[in-house]
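# Results of the structural survey
So you can see what is in the structure, the chains are spelled out below.
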Amino acid sequence: MKMTYFYSALVALLLITIACNTQNNKSVSDTGEKDVVAKECIALNDSATSLLNKYYFGGANPVKLDLILDLLNQAIACDSNYFLAYNNKVTVLSIKGEYQKVIKLLDKMLEFSDNNPQLIFLKGIAYEKLNDYATAETTYKQAAVGYEKYLKLYPDSLQLITDKLFFIAFTKGKDEALTELNNYILKYPDKSMLKDFQPM
């Protein structure tokens with residue numbers, strides 16, 4: 001049970017990072033106008049998020065999870081591209097231990113997130129929770145390739161660097177992450193925040 005809460009907390013942390021780094025919940029149309037999530041969809045997601053906070057901090061009542069999931073499903077039905085609602089749904093499914101559903105949902109999210117390596121990383125963790133270690137390892141390798149691809153496009157992105165360091169700490173251990181951190185500090189001495197990074 002303790003590992004389930006650890007996994008859920010890890011999923012929540014990674015999804016918050018993804019949500020914060022996603023430029024928009026929606027794409028930009030050809031006209032240059034940004035599509036906006038409808039207020040009704042946002043209200044459904046916000047209600048679910050409020051209940052999820054109460055679940056975490058006010059007693060873990062499993063009945064609330066079904067209500068939260070229902071609200072998130074309504075938010076996604078309201079707007080099938082509402083990335084934040086998908087993020088929250090992954091968190092709830094993870095808490096419930098429904099890792100097959102987590103994988104299926106992450107596959108859908110990967111379609112409209114340009115194969116975000118954080119999502120691939122989460123998919124690997126879900127495979128690990130299902131005791132499918134071979135697929136988890138393959139998935140982690142895909143995530144590593146994704147991080148490298150993104151770092152070539154955005155080599156000085158502090159958030160991407162710290163995301164990759166966290167990934168390395170999780171998959172290869174703290175020592176490997178610290179070695180990589182020291183390499184980044186040498187490469188980017190102006191990024192003083194890197195000096196404060198402590199991988200797990």
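Before any of the text, the structure's been laid out above.
What counts, and where the lines are drawn
- Residues numbered from 1 in each chain as written.
- Predicted model: local features only at pLDDT ≥ 70, side-chain atom pairs only at ≥ 80, totals over all residues.
- Heavy atoms only, no water.
- Phe/Tyr/Trp six-rings, centres within 6.5 Å; stacked < 30°, edge-to-face > 60°.
- Helix = DSSP H or I, 4+ residues; strand = E, 2+ residues; numbered from the N terminus.
- Buried < 20%, exposed > 50% of the residue type's maximum accessible area, 1.4 Å probe, protein only.
- Contact = heavy atoms within 4.5 Å.
- Disulfide = S-S within 2.5 Å.

### Comments concerning the packing of aromatic side chains
In the structure shown here, the tally under the stated rule is 12 aromatic pairs. On the basis of an interplanar angle of 65° and a centroid distance of 6.4 Å, the ring pair of F121 and F166 is categorised as edge-to-face. On the criterion of sequence distance, the pair formed by F121 in helix α6 (residues 117–129) and F166 in helix α8 (residues 158–172) is long-range, its members being 45 residues apart. Relative to Y154, the ring of Y150 has its centre 6.5 Å away and its plane inclined at 45°; by these criteria the two rings are tilted. By relative accessible area, Y150 is classed as buried at 13%. Among the residues examined, Y154 registers a relative accessible area of 45% and is labelled partly exposed. Three or more aromatic residues joined by ring pairs make a cluster, and in this case those are F121, Y140, Y147, F166, F167 and F170.

### Quick notes on unusual backbone geometry
Located in the positive-phi region is D114, a residue other than glycine, with phi close to 55°. Mapped onto the elements, D114 comes out in the loop between α5 (99–111) and α6. For N115, which is not a glycine, the phi torsion comes out positive at approximately 50°. With respect to the element layout, N115 can be found in the loop between α5 and α6.

### Describing the side chain of N45
Structurally, N45 is set in helix α2 (residues 39–57). Sequence-distant contacts of N45, defined by excluding residues within four places in its chain, comprise L72, A75, Y82, L84, A85 and N88.

### A closer look at the state of the cysteines
Under the counting rule described, the total for this entry stands at one disulfide. With its sulfur 1.9 Å from that of its partner, C41 forms a disulfide with C78. With the S-S bond torsion at -70°, the cross-link from C41 to C78 turns out left-handed. Of the two residues, C41 is situated in helix α2 and C78 in helix α3 (residues 62–78); the sequence distance between them amounts to 37 residues. Since its relative accessible area comes to 36%, C78 is described here as partly exposed.

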